[in-house]
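Tertiary structure, described
Listed below are the residues making up each chain.
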Amino acid sequence: MEVPSDDAVLIEKGKKAGDPHVITVNCPDKTGLACDICHIILDFGLYITKGDVSTDGKWCYIVFWVVPHSRSIIRWTNLKNRLLSVCPSCSVSFYWNQQQSKSCPVYLLKFISLDRKGLLHDVTQVLCELELTIQRVKVTTTPDGRVLDLFFVTDNLELLHTKKRQDETCEQLHDVLGESCISCELRLAGPECECLQGMSSLSPVIADELFHCEISDKEIHSQALSPDMMKLKKTNVMVDNSLSPAHTLLQMHCVDHKGLLYDVMRTLKDCNIQISYGRFSPVINGQRDLDLFIQQKDGKKIVDPEKQSALCFRLKVGMLHPLRVIIANRGPDTELLVANPVELSGKGRPRVFYDITHALKALGICIFSAEIGRYSASDREWEIYRFLLEENCKFQLSNMMARNEIVDTVRRTLMGW
């Protein structure tokens, strides 16, 4: 199978500080390509300010204007290579083999260190900078104040089998952990990775709160979240079949958040919806408008009212509630839970673990244990992040106001507010 030409992805950097960078993708089309591109852009810590998508069903042309979410250094060459990796080849053989996805080997990063505030986020930041994707995590704190961390990771650069890459990873972790690092080991994961595919069960009450489809007024008021949560209720999705003889027009108006375009594209990809033309307008007063001309996989418009309603409902839920954040009791302990839907392809949402640990570090809250797992509910698979939190003098975790502040801070960090 041929490799896509370098010209398939072009990145034009902003002329001065603050100017957006322009990413152009020009290659053969496939269903879900825009979703895959948005996933990578989000994974690199970039925010899409506006965009245009156009395709005739065989060839597509995508332009995104992006800016970094933070001051983190963007490795533009690596970004281009990642984008090229999801672009279909121009060869006919691609269409024969496009369903044969290559699975990346999973590696186990195991280290023991002395505990301190922000430790887990500092480690996560190193892994993100190294372009290692966290697939599973098991973190435990021992009674003597040591932390045993098990990170199951895949390498986006596909070099972790080399000694140089392994040494680089361990060296960067040692630099961050300093003298608190007791041991660090990196190897190909074995059967223990399969054991962590599932996770400890959720109570029916917790599962219902995590996976319900809409944001209830009770949730908004009981968690004392900001007016941003009330604005989310005003999201609109409209269908119009009168403007095009061959396409259905989707018009969306909603509050902007980090990863919004990914959430929309993920929903359309999972529904096998093809985008023929799309425009994503710049944000105005925190609101964004999206106009998409779409077709079903068979090339037809969506005329069935039930299909229209089902698609609008899924899009609205994706924009209203892309990430679920709650705090609950787990025996005598306090647990933070975050859930997000997984793509049908099996991909999880990028940088969720990074954002959660960043928010908890900013609050000065220590994490006693953490885990990532998959859970099936509401006819789909979810990625669940679970953190047992330690009390401190600022946050008495039995206090409702303290819990509300933690949920609010974590949600805002995840949503980019």
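All of the points below concern the structure found in this document. Keep in mind the model is a prediction, meaning the values are calculated, not measured.

Tracing the backbone through its elements, the reader meets T141 in strand β6 (residues 132-141). The contact partners of T141, leaving out residues within four places of it in the chain, are D115, R146, V147, I367 and F368.

The tendency in soluble globular proteins is for nonpolar side chains to be buried side by side. By size, the foremost hydrophobic cluster in this structure holds 49 residues, and its most contacted members are F64, L268 and L292. Ranked by the residues each element gives to this core, the list is headed by helix α1 (residues 33-43), at 8 residues. When neighbours within four sequence positions are excluded, L292 is seen to be in contact with T248, L249, L250, M252, V264, M265, L268, I275, Y277, G278, R279 and F280.

Moving on: the sheet that holds β6. Strand order in the open sheet formed by 8 strands is β8-β5-β7-β6-β15-β16-β14-β13, and the pairing between neighbours is antiparallel. Two strands close off the open sheet at either side, each with one partner strand: β8 (181-188) and β13 (324-330). Within this sheet the neighbouring strands show an average axis-to-axis angle of 25°, counted without direction. Strand direction decides the pairing type here: β13 and strand β14 (residues 333-341), joined by 7 bridges, are antiparallel. Counted as the bridge partner of V325 is V338 from β14.

What follows is about the sheet that holds strand β9 (residues 236-240). Pairing is antiparallel across the open sheet formed by 8 strands, whose spatial order is β1-β2-β4-β3-β11-β12-β10-β9. Both edges of this open sheet fall to β1 (9-12) and β9, since each of them pairs with a single strand only. Averaged over neighbouring strand pairs, the angle between their axes works out to 20° when direction is ignored. Alignment of strand β10 (residues 248-255) against strand β12 (residues 287-295), held across 8 bridges, turns out to be antiparallel. By the bridge assignment, C254 is partnered in β12 with R288.

Another point: α1. Within α1, 11 of the 11 residues are buried, which leaves it mostly tucked inside the rest of the structure. Buried residues of α1: L33, A34, C35, D36, I37, C38, H39, I40, I41, L42 and D43, and no others. Turning to α1, the residues buried within the fold contact β2 (21-28), β3 (46-55), β4 (59-68), α2 (76-86), β6 and α10 (260-270). Where α1 terminates, the next one or two residues include G45, which has phi positive at roughly 75°.

For V126, the position within the fold is in helix α4 (residues 119-129). Taking the C-alpha atoms as reference points, V126 and V176, 50 residues apart in sequence, are found 8.0 Å from one another. Not counting residues up to four positions away in its chain, the partners in contact with V126 are Q172, L173 and V176.

Let us look at the environment of R411. The topology assignment puts R411 in helix α13 (residues 400-415). On a C-alpha basis, the gap between R411 and R324 in space is 8.1 Å, while along the polypeptide they are 87 residues apart.

Turning our attention to unusual backbone geometry. A positive phi angle, near 60°, is found at N272, a position not held by glycine. For N272, the location among the structural elements is in the loop between α10 and β11 (274-280). One non-glycine residue, R351, lies in the positive phi region at around 60°. Structurally, the position occupied by R351 is in the loop between β14 and α12 (352-363).

Looking now at helix α7 (residues 204-211). Because each turn of an α-helix spans 3.6 residues, side chains separated by three or four positions end up pointing in the same direction. Residues of α7 that are buried include every one of I206, A207, L210 and F211, and no others. Looking straight down α7, one finds its buried side chains confined to an arc of 110°; they lie on one side. Of the exposed residues in α7, the ones pointing more than 90 degrees away from its buried face are P204, V205 and D208. The elements touched by buried residues of α7 are β13, β14, β15 (367-377) and β16 (380-389).

Moving on: the packing of aromatic side chains. In the structure shown here, the tally under the stated rule is 8 aromatic pairs. Ring centres of F64 and F280 lie 6.0 Å apart, and the angle between their planes is 25°; on these two criteria the pair is classed as stacked. Of this pair, F64 sits in strand β4 while F280 sits in strand β11, and the two are 216 residues apart along the sequence. On the basis of relative accessibility, which here comes to 1%, the residue F64 falls in the buried class. The exposure class assigned to F280 is buried, which follows from its relative accessible area of 1%. Each member of the aromatic cluster is reached from another via a ring pair, and the members are F111, F151, F353, Y385 and F387. When the ring centre of W65 is taken as origin, the NZ or CZ atom of K50, which lies over that ring, is 4.5 Å away. When the ring centre of Y354 is taken as origin, the NZ or CZ atom of R351, which lies over that ring, is 4.6 Å away.

For the coordinates displayed, the defined rule picks out 0 disulfides. Here C27 is not disulfide-linked; the sulfur of C87 is the nearest cysteine sulfur, at 3.8 Å. With no disulfide of its own, C184 has C170 as its nearest cysteine by sulfur position, at a separation of 3.5 Å. Residue C184 is classed as partly exposed on the basis of its relative accessible area of 23%.

How each quantity is defined
Residues numbered from 1 in each chain as written. Predicted model: local features only at pLDDT ≥ 70, side-chain atom pairs only at ≥ 80, totals over all residues. Heavy atoms only, no water. Helix = DSSP H or I, 4+ residues; strand = E, 2+ residues; numbered from the N terminus. Contact = heavy atoms within 4.5 Å. Core = buried A, V, L, I, M, F, W, Y, C linked by side-chain atoms within 4.5 Å. Buried < 20%, exposed > 50% of the residue type's maximum accessible area, 1.4 Å probe, protein only. Pairing = 2+ DSSP bridges. Axes fitted to C-alpha atoms, helices over the stretch in contact; angles between N-to-C directions. Arc of directions from axis to C-beta. Phe/Tyr/Trp six-rings, centres within 6.5 Å; stacked < 30°, edge-to-face > 60°. Lys NZ or Arg CZ within 6 Å of the ring centre and 35° of its normal. Disulfide = S-S within 2.5 Å.

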